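Observations on the three-dimensional arrangement
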Amino acid sequence: MKTNSRILQNVIFASAISLGMVGCTDDVRTDGFTNSDLPEIHELSQAQKDVIAYTPKNAIIAHRGTEFWAPEESEAAMRWARNIGADYIECDLQRTKDGVTLALHDESLSRTTNIEVIYPNRWQDYVSAFTFEELLKLDIGSWFNEANPEQARASFVGLDVLTLEDVIAIAEGKRIKRDANGKRIIIRDSEGKYIGTEYEPDPFDNGNRPGVYIETKAPYMFAGMEETLRTILEKTGWYAENIDDLKVIPTEPGKVGIANTPARVILQTFDLSALKNFDRVFTRKIPTLYLTMDLINSSPITYAERLNYAIDNGNSYWPEYCSGKLSCQHTSLAGGYGSTFRS
């Protein structure tokens, strides 16, 4: 049964996030190790400790927006998540053939669009085979109405795919500017190529300013994704080498205001090479999470190897729980490492 736990992702941050666990238990070990086996864990750098100091200890993450109430990673889902008070709105990254960075979970378009109707001969192609303007012809909302009749709304029909810049604009209290037919107003260069979207103040904005929680999906398919991500964040003022140079985003007392803090962006990935690239590209460290799965059968040694790889590549964690050692007792905090509770 669907519950409101699907609306938001409740993430416990140990001041900053490092290694995420998904479904770990350790009641009985059968691998010859015990919970008293304590491999050495690497020390945090000062930069990682600085991240720990400014990242919220507790935060609510809207997973793909309000995916229970609206089509995932749509403008409706992101605006809704902002207004109900999520600390962060989460999105996944894909990239189009012409280099536009999308907020989209799947590499395929068949699950959440009407691609079989619009491009019947290309419905099995990856997102990266299409230009952004080709993708704007797709409807990413109607599938939700069909799958969730109790939450269906006529306004979801015809929703278009989002870019990362769209998500950031929504976090700042804006919405996509559209013409009389509901089509987004886009900005082109002198050759007619898409270079951006126009935004306007959201008349339904209630003052919340969440951060943006970004997961790179299939980064092995998109060379230079991490550099592109940094470029977008710098262009929008959401990343700067000097924290004092970050864009000032006005906030209101009593409202979510993480968008105007150094912790405004959190990065996460399942991919080891992407993690390494995050560390290389973002020379000023920002909150970063290495997600991993199926650690039920891990030994203290293999578990420690993953943790050390994460630490060595820019992740931050809760040092008070570990003190240079690691227990393989998997608790809700994964032995002191920030865990993501997923719906």
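Residues numbered from 1 in each chain as written. Predicted model: local features only at pLDDT ≥ 70, side-chain atom pairs only at ≥ 80, totals over all residues. Heavy atoms only, no water.

As for the overall build of the protein chain
- Counting its secondary structure elements, the protein chain contains 9 helices and 13 strands.
- Counting across all 343 residues of the protein chain, residues that qualify as buried make up 54%.
- Put simply, 72% of the contacts in the protein chain that link residues at least 6 apart link residues at least 24 apart.
- Of the roughly 15100 Å² of accessible surface on the protein chain, 52% is carried by carbon and sulfur atoms. (Helix = DSSP H or I, 4+ residues; strand = E, 2+ residues; numbered from the N terminus. Buried < 20%, exposed > 50% of the residue type's maximum accessible area, 1.4 Å probe, protein only. Contact = heavy atoms within 4.5 Å. Areas by Shrake-Rupley, 256 points an atom, 1.4 Å probe, with all protein chains shown as cover.)

With respect to the packing of aromatic side chains
- Counted according to the given criterion, the structure contains 9 aromatic pairs.
- For the pair Phe132 and Tyr194, a centre-to-centre distance of 4.7 Å together with 50 degrees between the ring planes defines the contact as tilted. Of this pair, Phe132 sits in helix H4 (residues 132-135) while Tyr194 is found in strand E9 (residues 194-197), placing the two residues 62 residues apart along the sequence.
- Seen from their ring centres, Tyr239 and Phe282 are 5.0 Å apart, and the 90 degrees between their planes marks the pair as edge-to-face. Of the two residues, Tyr239 is situated in the loop between helix H7 (225-235) and strand E12 (265-269) and Phe282 in the loop between helix H8 (272-281) and strand E13 (288-291); the sequence distance between them amounts to 43 residues. (Phe/Tyr/Trp six-rings, centres within 6.5 Å; stacked < 30°, edge-to-face > 60°.)

A short note on the environment of Glu226
- Along the chain, Glu226 turns up in helix H7.
- Glu226 gets classed as buried once you look at its relative accessible area, which sits at 3%.
- In the structure, Glu226 is positioned 52 residues away from Phe278 in sequence and 6.3 Å away in space, judged by C-alpha atoms.
- Not counting residues up to four positions away in its chain, the partners in contact with Glu226 are Pro219, Ala274, Asn277, Phe278, Val281 and Phe282.

Some remarks on the packing of helix H2 (residues 75-84) against helix H6 (residues 164-171)
- Where H2 contacts H6, the two axes come as close as 9 Å, and the packing angle between them is 30 degrees. Looking at the two axes, H2 sits roughly parallel to H6. Handedness of the H2/H6 crossing: right-handed. In contact with Glu75, Met78, Arg79 and Arg82 of H2, H6 contributes Val167, Ile170 and Ala171.
- Within the contact of H2 with H6, the residues separate by chemical class into 4 nonpolar, no polar and 3 charged. (Axes fitted to C-alpha atoms, helices over the stretch in contact; angles between N-to-C directions. Parallel < 35°, antiparallel > 145°, perpendicular 65-115°, else oblique. Left-handed = near helix turned anticlockwise from the far one by under 90°. Nonpolar A, V, L, I, M, F, W, Y, C, P; charged D, E, K, R; others polar.)

Description of the side chain of Thr163
- For Thr163, the location among the structural elements is in strand E6 (residues 162-163).
- Look at Thr163 and you get buried, because its relative accessible area is 0%.
- In contact with Thr163, not counting residues within four places along its chain, are Val100, Thr101, Leu102, Ala103, Phe132, Tyr194 and Tyr199.

Some details on the confidence of the model for the protein chain
- Here the protein chain shows a mean pLDDT of 84. Residues at 70 or above account for 80%.
- This stretch, residues 1-26, has a pLDDT under 50; its non-local contacts, to residues over four places away or in other chains, come to 114 contacts.
- Predicted confidence for residues 317-343 stays below pLDDT 50, and this span has 95 contacts to residues more than four positions away or in other chains. (pLDDT = per-residue confidence, 0-100.)

What to know about the pairing of E12
- Judged by how many residues are buried, E12 sits mostly within the fold: 5 of 5 residues are covered.
- Judged from the 4 bridges that link them, strand E11 (residues 211-216) and E12 form a sheet pairing that is parallel. Opposite Tyr213, over in E12, you have Ile266 as the bridge partner.
- Considered for its hand, the β-α-β crossover made up of E11, H7 and E12 is right-handed.
- Pairing of E12 with E13 involves 3 bridges; the strand directions are parallel. Each residue of the ladder has a partner; that of Leu267, found in E13, is Thr288.
- Taken together, E12, H8 and E13 constitute a β-α-β crossover, and its handedness is right-handed. (Pairing = 2+ DSSP bridges. Right-handed = clockwise from strand over helix to strand, strands pointing away.)

As for the pattern of salt bridges
- Overall, the coordinates contain 23 salt bridges when judged by the stated rule.
- Note that Arg82 is salt-bridged to Asp205, the shortest N-O span being 3.6 Å. Of this pair, Arg82 sits in helix H2 while Asp205 sits in the loop between strand E10 (199-201) and E11, placing them 123 residues apart in sequence.
- Asp205 gets classed as partly exposed once you look at its relative accessible area, which sits at 23%. (Salt bridge = Lys/Arg side-chain N within 4 Å of Asp/Glu carboxyl O.)

Some words on the pairing of E9
- In this sheet, E9 lies alongside strand E8 (residues 186-188) in antiparallel orientation, the contact comprising 3 bridges. Across the sheet, Arg188 pairs through a bridge with Tyr194, a residue of E9.
- Hairpin connection, E8 to E9: the antiparallel pair is bridged by 5 residues, and Gly192 has positive phi, about 85 degrees.

Some points on helix H1 (residues 46-54)
- The complete set of buried residues in H1 reads Gln48, Val51, Ile52 and Tyr54.
- Packing partners of the buried residues in H1 comprise helix H9 (300-312).

Regarding the nonpolar core
- Counting 43 residues, the largest nonpolar core has Cys91, Val212, Ile214, Leu229, Leu233, Trp238 and Phe282 as the members making the most contacts within it.
- At 5 residues, the largest contribution of residues to this core is made by H6.
- Excluding residues that lie within four positions of it along the chain, Leu229 makes contacts with Leu93, Leu164, Ile214, Leu267, Phe278 and Phe282.
- Counting 23 residues, the second-largest nonpolar core is a separate cluster that includes Leu109, Leu136, Leu159 and Ile186. (Core = buried A, V, L, I, M, F, W, Y, C linked by side-chain atoms within 4.5 Å.)

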